[in-house]
Amino acid sequence: MRSKTKMIHGGVTGDERTGAVSVPIYQVSTYKQDAVGKHRGYEYSRTGNPTREALESVIAELENGNSGFAFGSGMAAITSIMMLFNSGDHVVMTDDVYGGTYRLVTNVLDRFNLNHTYTDTSKPKEVEAAINENTKALYIETPTNPLLKITDLNKMAEIAKKHNLLLIVDNTFATPYWQQPLDLGADIVLHSATKYIGGHSDVVAGLAAVNSDKLSGDLHFIQNSAGGVLGPQDSWLLMRGIKTLALRMEAIEHNTAKLVEFLQKHEKVTNIYYPGLESHAGHETAKQQATGFGGMVSFDVGSGEEAEKVLSRVQYYTLAESLGAVESLISVPAKMTHASIPADRRAELGITDGLIRVSVGIEDADDLIEDLEQALK
Ligand SMILES: *Cc1c(COP(=O)(O)O)cnc(C)c1O
């Protein structure tokens, strides 16, 4: 089954008993047992819920894994994955990971002596150099936020294999439609399903998929023990979102390409960060490991003042954090998503005050271009 078909027919679909075409929302916490200790596969909804399981079976199929997991947020997914490790273990991580991941690792997991090193994972040599005798995993985000840096996942898989490490990939920006990290050698893939997978700015959720019985058992044990599970309503909304994921991603890809073409010609725009551009450092790698470049684009308008002016004038771009929705979203990373990063560190990463980030939606591309054109005047 191809990806697009899986989005419609993959995993558990419908309801056997009634013939209902959509999966019922099992709004239930506990299940009647036929005799003491004799149940029908479900005992308690933290451990297993049919609606959540249906969603978990779809994400497993979309990522070509053997099991999927649904969590209450992307951060709950990441936290649960990190709980696979022990105190004293060490993880090598992409240096510009999502801010929430940075906070979790630096301010929370550190207290449990789960150690980390941030490194530029787009440079395999630096990754090798960061590995020590306690290293247990590589944690990669690609493309990254907001500069869309690309890490070569085949290379990371090679390094992981050589040093006996788990390769964990945050696939939020690429989506399982454009990129399947498990096929490229990753052990665990995860998503903030709040973004493209949900796609409508109405659910906070996290998903993960693995492709080994060992990891599947271990992660289910943590999911059930730590309890950060997704509720049945939100599980259902994500399944609904997945039905149109391919369509949305194709529309977004088309709009993004047109918007980038416009930005390239605009004299006020100095730098454009988009992996679809041949001038982007990760372009070749992106082309090789993903079938689309995604809908995130960042560009520099010279100053923080100018950026704020643009944001105050746009009509079709919603000024908001988050990304991956049907509506286009716009933000200034230095003042919003990345404000907690010290100014000198931001400068090091290249996140200037004049940098604008757009999450392109599925509106008419011409409206998006015209709106940005008047805002840049
Ligand atoms: C949003 C995001 C997360 C965190 O997910 P939540 O659903 O907000 O908890 C993790 N990684 C990336 C890349 C994200 O964009």
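Parameters at a glance
- Residues numbered from 1 in each chain as written.
- Predicted model: local features only at pLDDT ≥ 70, side-chain atom pairs only at ≥ 80, totals over all residues.
- Heavy atoms only, no water.
- Helix = DSSP H or I, 4+ residues; strand = E, 2+ residues; numbered from the N terminus.
- Contact = heavy atoms within 4.5 Å.
- Buried < 20%, exposed > 50% of the residue type's maximum accessible area, 1.4 Å probe, protein only.
- Arc of directions from axis to C-beta.
- Pairing = 2+ DSSP bridges.
- Axes fitted to C-alpha atoms, helices over the stretch in contact; angles between N-to-C directions.
- Polar contact = N/O pair within 3.5 Å; in protein donor to acceptor, adjacent residues only side chain to side chain.
- Near = heavy atom within 4 Å.
- Areas by Shrake-Rupley, 256 points an atom, 1.4 Å probe, with all protein chains shown as cover.
- Nonpolar A, V, L, I, M, F, W, Y, C, P; charged D, E, K, R; others polar.
- Right-handed = clockwise from strand over helix to strand, strands pointing away.
- Expected span 1.5 Å × (residues − 1).

The chain appears in an unreviewed UniProt entry as Bifunctional cystathionine gamma-lyase/homocysteine desulfhydrase from Virgibacillus siamensis.

S.K.: Please clarify how the environment of Leu349 should be interpreted in this entry.
M.R.: Tracing the chain through its elements places Leu349 in helix α13 (residues 343-349). Expressed as a C-alpha distance, the spacing of Leu349 and Gly295, which sit 54 residues apart in the sequence, is 21 Å. Among residues more than four places away in sequence, those in contact with Leu349 are Asp96 and Leu147.

S.K.: Sorry, what's going on with helix α4 (residues 99-108) here?
M.R.: Along an α-helix, residues three or four positions apart point the same way, because every turn accommodates 3.6 residues. Residues Gly100, Thr101, Leu104 and Val105 constitute the buried set of α4. When α4 is viewed along its axis, its buried side chains cluster within an angular range of 130° and face the same direction. Along its buried surface, α4 packs onto α3 (74-82), β2 (90-94), β3 (115-119) and β4 (135-141).

S.K.: What should I look at first to understand the sheet that holds strand β10 (residues 318-319) in this one?
M.R.: Sheet strands pair by backbone hydrogen bonding; their relative direction is either parallel or antiparallel. Taken together, the five strands give an open sheet; going across it, the order is β8-β9-β12-β11-β10, and neighbouring strands pair in mixed fashion. Lying at the two open borders of the sheet, with one neighbouring strand each, are β8 (272-273) and β10. Direction of pairing for strand β11 (residues 329-331) relative to strand β12 (residues 355-359): antiparallel, over a ladder of three bridges. When the sheet's bridge partners are listed, Ile330 is paired in β12 with Val358.

S.K.: For this particular structure, what's the right way to read the sheet that holds strand β1 (residues 67-71)?
M.R.: Here we have seven strands laid out as an open sheet, ordered β1-β7-β6-β5-β4-β2-β3, and mixed in their pairing. Two strands in the sheet have a free side with no partner beyond their single neighbour: β1 and β3. On average, adjacent strands in this sheet sit at an angle of 20° to one another, irrespective of strand direction. Judged from the three bridges that link them, strand β5 (residues 166-170) and strand β6 (residues 188-192) form a sheet pairing that is parallel. Residue pairing across strands places Ile168 opposite Ile188, the latter belonging to β6. Against the sheet, α3 contacts β1, β2, β4, β5, β6 and β7 (206-210), and its axis sits at roughly 155° relative to β6.

S.K.: When you look at the side chain of Gln289 in this model, what are you seeing that I'm missing?
M.R.: Examined against the element boundaries, Gln289 turns out to sit in helix α11 (residues 283-289). What makes Gln289 buried here is its relative accessible area of 7%. From its side chain, Gln289 meets the backbone nitrogen of Leu153 in a polar contact 2.8 Å long. In contact with Gln289, other than residues within four places in its own chain, are Thr142, Ile150, Thr151, Asp152, Leu153, Asn154, Trp178, Gln179 and Leu184.

S.K.: Would you take a moment to explain the site of the ligand for this structure?
M.R.: What surrounds the ligand is a group of 14 residues, the closest being Met75, Asp170, Ser192, Thr194 and Lys195. One of the backbone N or O atoms of Gly74 is found 2.9 Å from an oxygen atom in the ligand. Lys195 has a polar side-chain atom sitting 2.7 Å from an oxygen atom of the ligand. Protein chains bury 93% of the 380 Å² of accessible surface belonging to the ligand in isolation. The element that contributes the greatest number of residues to the shell around the ligand is α3, accounting for three residues. In terms of residue class, the shell around the ligand is built from six nonpolar, five polar and three charged.

S.K.: Can you help me understand the pairing of β3 in this one?
M.R.: Regular strands show a simple pattern: their side chains alternate between the two faces of the sheet. In terms of strand pairing, β2 meets β3 through five bridges, oriented parallel. Paired with His90 across the bridge in β3 is Asn115. Since β2 and β3 lie parallel, the crossover through α4 that links them has a hand, and here it is right-handed.

S.K.: Explain unusual backbone geometry to me, please; I cannot follow it from the model alone.
M.R.: Keep in mind that most residues, glycine aside, have a negative phi and that most peptide bonds are trans. Here the amide bond leading from Thr142 into Pro143 is cis, since omega sits at -5°, within 30 degrees of zero. Here Pro143 lies in the loop between β4 and α6 (153-162). The linkage connecting Asn145 with the following residue, Pro146, adopts the cis geometry, with an omega of 0°. Along the chain, the position of Pro146 falls in the loop between β4 and α6. For Ser201, which is not a glycine, the phi torsion comes out positive at approximately 55°.

S.K.: Explain helix α9 (residues 232-243) here, please?
M.R.: Here α9 is twelve residues long and its end C-alpha atoms lie 17 Å apart, about the 16 Å a rise of 1.5 Å per residue gives. Within α9 the residues assigned to the buried category are Pro232, Ser235, Leu238, Met239, Gly241 and Ile242. Considering only its buried residues, α9 is in contact with α1 (3-9), α2 (50-62), β7 and α10 (245-265).

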